[in-house]
Amino acid sequence: NVPTADNYVRQGVTTLIEGPDGSSPVPIAPFFAQLEVLHKSVNIGAFIGQGSVRAAVMGEVDRKPTAEEMDKMRALVEQGMKSGAFGLSSGLFYVPGSFSSTEEVTELAKVAGRFGGIYISHMRDEASHVVDSVKETIAIGELGGLPTQVTHHKIIGKAYWGKSVETLQLIEEARRRGVDASVDQYPYTASSTSIQAALFPAWAQEGGRSQILARLKDPAARAKIAAEAARLIREERGGGDPKNVVLSRCDWDTSLAGKNLAEVAQLRGTEPTVENAAEAGLWIVEKGGCQGVFHAISEQDLERILRYPGTMVASDGEIPNFGKEAPHPRSYGTWARVLGVYVRERKVITLEDAVRKMTTLPAQRLGLADRGLLRPGMKADVAVFDPDRVRDLATFDKPHQYAEGFSCVIVNGEVVFDGTAMTAARPGKVLYGPALKK
């Protein structure tokens, strides 16, 4: 929709990576072909998604793959790598990735690793089982023989705050054993995903939309889903209060964007209790689903993860249509927020370290040998900013606000942002992974 990606360019971003959380086009080659002909301001690359591969071969079912299905999935990952993917992504929190065993994912990670790829994962659980999930992410890299990354690492739910002490220790111990493990993060105490993914148990999502709706019509199944949604509002994504769950995009009713679940419960003529908010969540999914923003992360965990030397900065965001809906502010503010809030104001990390976490480290992670550093012979992807003035303006209430403090952004040697406006230059290139067969 927006090939200029203004929201990213205006905070110094020159390269975007698609296909996170186990979700990508399958096959991926036609997607790359489309990107090649697109006149774009930024560079773009992609991962092949384990969930999409599984869905293509098996559908959204909760069972083990047969040997034949496993071979088909391996072949699709190989095809994705040869088409230019940087590696395998998984979203084991999401259906159908959540139906995959560690062994199944490891088998596909081995294929990506054989072709020089890396493994990145939105883990199975970021709340009560966050420590086990980090162990699993490490194991997939260790057994799969490839670099592994916990992506947008966070600890969700008050009861589990502080667990980043353990998760970072696990990453560090793995590194000492020779596992190439790392982390990326966005600097916000709220996450964003769909209401369905956040509040519905995996069993209730099996088989796609028609089966979800059938379960919601069955009183016993509905009661079970509602009870679990209420628990998740209380203990995990809802941070104990329905006001912490804010709708960001509802295609079927745009007026709901920006309202929280307590307000939706009241709109439906009920008291704003956790149980009624859970029912409102079920109703939202029945109507067509919404994206949501979930305030349930602690500032201490955020800062601890940011300080860790193996952590990179990434938004996990989108390219929004300016002024439409209520997206998570991370899409407009991630890098500027790290530089303004966590470097300048709170001094959590140094300016030099922040820049490393945004440039050299991610470029090295992806194997982009000609980007991520300022030196002769490198591609000229350059962002110029004023460390005293850089700041994020996007808030949860008013997310559509560009970052400030960047005076010039250059992609492949051409100025795409001159400090006041986007230019007409479209120098963005498609970046390919290590196994591309031209």
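Please refer to the structure higher up on the page.
Residues numbered from 1 in each chain as written. Predicted model: local features only at pLDDT ≥ 70, side-chain atom pairs only at ≥ 80, totals over all residues. Heavy atoms only, no water.

**Section: the packing of helix α4 (residues 67-83) against helix α5 (residues 102-114)**
Logical step 1: Between α4 and α5, the shortest axis-to-axis distance is 9 Å and the interhelical angle comes to 30°. In this structure, α4 meets α5 at a crossing whose hand is right-handed. Here α4 contributes M70, M73, R74, V77, E78 and M81 to the contact with α5, which in turn contributes E104, E107, L108, V111, A112 and R114.
Logical step 2: Across the contact of α4 with α5, the residue classes tally to seven nonpolar, no polar and five charged. (Axes fitted to C-alpha atoms, helices over the stretch in contact; angles between N-to-C directions. Helix = DSSP H or I, 4+ residues; strand = E, 2+ residues; numbered from the N terminus. Left-handed = near helix turned anticlockwise from the far one by under 90°. Contact = heavy atoms within 4.5 Å. Nonpolar A, V, L, I, M, F, W, Y, C, P; charged D, E, K, R; others polar.)

**Quick notes on the sheet that holds strand β8 (residues 190-194)**
Logical step 1: Read from one edge of the open sheet, three strands run β8-β10-β9, paired in antiparallel fashion. One side of each edge strand has no neighbouring strand; the edge strands of this open sheet are β8 and β9 (245-249). The mean angle between the axes of side-by-side strands here comes to 30°, regardless of whether they run parallel or antiparallel.
Logical step 2: In terms of strand pairing, β9 meets strand β10 (residues 291-295) through four bridges, oriented antiparallel. From the neighbouring strand, R249 faces β10, where its bridge partner is Q291. (Pairing = 2+ DSSP bridges.)

**A few points about the state of the cysteines**
Logical step 1: Considering all chains together, one arrives at one disulfide under this definition.
Logical step 2: Between the sulfur of C250 and that of C290 lies a disulfide, 2.1 Å long from S to S. With the S-S dihedral at roughly 115°, the linkage between C250 and C290 falls on the right-handed side. Residue C250 is found in the loop between β9 and α12 (261-267), and its partner C290 is found in the loop between α13 (274-287) and β10; the two are separated by 40 residues along the sequence. Neither residue differs from the other here; C250 and C290 are each classed as buried. (Disulfide = S-S within 2.5 Å. Buried < 20%, exposed > 50% of the residue type's maximum accessible area, 1.4 Å probe, protein only.)

**What about the packing of aromatic side chains?**
Logical step 1: If you walk through the whole model with that rule in mind, you get 10 aromatic pairs.
Logical step 2: The interplanar angle of 45° and the centroid separation of 6.2 Å between the aromatic rings of F31 and F32 together place this pair among those described as tilted.
Logical step 3: Relative accessible area serves as the criterion here: at 2%, F32 is assigned to the buried category.
Logical step 4: In textbook terms, an aromatic cluster arises when at least three aromatic residues are bridged by ring pairs, as seen for F31, F32 and Y432.
Logical step 5: When the ring centre of Y402 is taken as origin, the NZ or CZ atom of R10, which lies over that ring, is 4.3 Å away.
Logical step 6: The ring of W203 carries K224 above its face, with NZ or CZ at 4.6 Å from the centroid. (Phe/Tyr/Trp six-rings, centres within 6.5 Å; stacked < 30°, edge-to-face > 60°. Lys NZ or Arg CZ within 6 Å of the ring centre and 35° of its normal.)

**Here's the deal with the nonpolar core**
Logical step 1: One finds V77 and L88 to be the most contacted residues of the largest nonpolar core, which totals 57 residues.
Logical step 2: When residues in this core are grouped by element, the largest group, seven residues, is from helix α15 (residues 330-345).
Logical step 3: Among residues more than four places away in sequence, those in contact with L88 are F47, I48, G49, Q50, V77, V105, L108, A109, A112, I118, Y119 and I120.
Logical step 4: Formed by 28 residues, the second largest nonpolar core is a distinct cluster that contains L199, C250, L282 and F294. (Core = buried A, V, L, I, M, F, W, Y, C linked by side-chain atoms within 4.5 Å.)

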